[in-house]
Amino acid sequence: MSPLIIVFPRVSTNQMNTSPAAGAPLGAVIGNVLGGIIAEYVSWKWVFIVIALVAFVICVAALFTIPPSPPSAVTRPDGLPRPSVDWLGAVLITGGLLALLFALTEGNIVEWRTPWVPILIVVSLILVALFAAWQHYLEKTGKLAPIMKVSIFRNTKFSAAMAIMALFFSSFNGFLVYATYFYQDFQGHSALQTTLRFLPTGIMGVVTVAIVSQLLARIPTYLLLAIGNLCVAVSPLLFAVPIPPKTTYWAWSFPAMVLSVFGTDTTFPCLVLFTSHSLPQADQAIGGALVNAMGQVGRAMGLAVATAIQTAVMARERGVSVEDAGEMLEWDEATLGGLRAAEWWNFGLGVAALSVVLIAFRGTGIIGKKGHAGVSRPRPANPAPSHDEEK
């Protein structure tokens, strides 16, 4: 978000917050088709090589197109130290998250009763707690600019927004991963045939972004978040319930694809817009980074747990240990049972995100309505609450 604010300072807040969501469906259409063709006729390894080359070109282009941040772009509080790297904080949070993800991922392979698995989970939680304490210390003393301001989590709705981001993005990502397994590993479709089944997500995403950019200024954010998270939750449910797997794609898979991206491209702009309005301008860059970080962390953890559930169900169906669960097989009942169990987990994550919306955001007004402070305008030191904020 920060580069967009710098390059397009006069663009409206709603357009600013929906524009990143527009890139995802466009990338999905182009990436799915291109990736499917490369995997089908060359090698799946070249998919990653092409992605790396494209990313390199984009980085070079950014160096010449994104102007430097103007000195007055962000007004920092008096006395705050010049930005510097908090290496200790970076080591603590990186080590903690890596340890946790490694334990969650490997636990279903070596069995959860293996001594080092619970020990590693405890160590990871201790490292994350130390990171939070260290960030609080830096913020309080001002000796060094913290990576994350712990104080911003005192805003309960902001904390709820971060929880929603982690839960809904975990549900959405898990749904896509296990839908891929269903098409390619269970039904036996080729890489190209599988990617074609995901094209509705890209097309619907473009349509959704165009609609949501207009609805943000007309419909209460609470309703948009509720509808979006409900759609995200229903998508994995359609893959979890015992619908005969040979049922036509258009009967249930197609609606699931449409609902998933409609929910995602409705929820994400609402969360980003809310973040830009709930934090002072000096903290909006951190808030935007946290929105994306929570999504990525939630996605990784959710997928690790889903994999553990899938493997455990496959092992039970085959009457073997988790270590001997084996691979997914075409039209195999154990494989189908594992995939459905994982989708039930994704459904649960979606319901959890919806529950947070209904509890924490109930009664929230129209955040995207004209009159609210935009992301590019500084807030006064003691702003008076607006009519919409009082709602």
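Everything here concerns the structure above.
What this report covers is the structure whose coordinates are included nearby. (Residues numbered from 1 in each chain as written. Predicted model: local features only at pLDDT ≥ 70, side-chain atom pairs only at ≥ 80, totals over all residues. Heavy atoms only, no water.)

**Overview of the packing of aromatic side chains**
Thinking step 1. Enumeration according to the criterion identifies 22 aromatic pairs in this entry.
Thinking step 2. Considering the side-chain rings of W134 and Y137, the 5.6 Å spacing of their centres and the 25° angle between planes classify their relative orientation as stacked. On the criterion of helical spacing, the pair formed by W134 and Y137 is a turn pair, its members being three residues apart in helix α5 (residues 116-141).
Thinking step 3. Its relative accessible area of 35% is what places Y137 among the partly exposed residues.
Thinking step 4. Each ring, one from F169 and one from F172, has its centre 6.4 Å from the other, and the planes form 45°; the classification is tilted. Here F169 pairs with F172, and both are found in helix α6 (residues 156-186), just three residues apart, close to one helical turn.
Thinking step 5. Residue classification places F169 among the buried residues on the basis of a relative accessible area of 16%.
Thinking step 6. Here F172 falls in the buried class, since its relative accessible area comes to 13%.
Thinking step 7. The ring of Y183 has R197 lying over it, and the distance from NZ or CZ to the ring centre is 6.0 Å.
Thinking step 8. Against the face of W331 rests K246, its NZ or CZ located 5.5 Å from the ring centre. (Phe/Tyr/Trp six-rings, centres within 6.5 Å; stacked < 30°, edge-to-face > 60°. Helix = DSSP H or I, 4+ residues; strand = E, 2+ residues; numbered from the N terminus. Buried < 20%, exposed > 50% of the residue type's maximum accessible area, 1.4 Å probe, protein only. Lys NZ or Arg CZ within 6 Å of the ring centre and 35° of its normal.)

**Considering the nonpolar core**
Thinking step 1. Of all hydrophobic cores here, the largest spans 35 residues; its most connected members are F158, M165, F168, L271, L290 and F361.
Thinking step 2. When sequence neighbours within four positions are dropped, the list of residues in contact with F158 reads I152, F153, F274, T275, S278, L279, G287 and L290. (Core = buried A, V, L, I, M, F, W, Y, C linked by side-chain atoms within 4.5 Å. Contact = heavy atoms within 4.5 Å.)

**Looking at the packing of helix α4 (residues 87-110) against helix α11 (residues 284-318)**
Thinking step 1. Between α4 and α11, whose axes approach to 7 Å, the crossing angle comes to 15°. Classed by the angle they form, the pair α4 and α11 counts as roughly parallel. Here α4 runs over α11; the crossing is left-handed. Contacts between α4 and α11 involve L97, L100, L101, L104, T105 and N108 from the former and V297, A300, M301, A304, T307, A308 and T311 from the latter. (Axes fitted to C-alpha atoms, helices over the stretch in contact; angles between N-to-C directions. Parallel < 35°, antiparallel > 145°, perpendicular 65-115°, else oblique. Left-handed = near helix turned anticlockwise from the far one by under 90°.)

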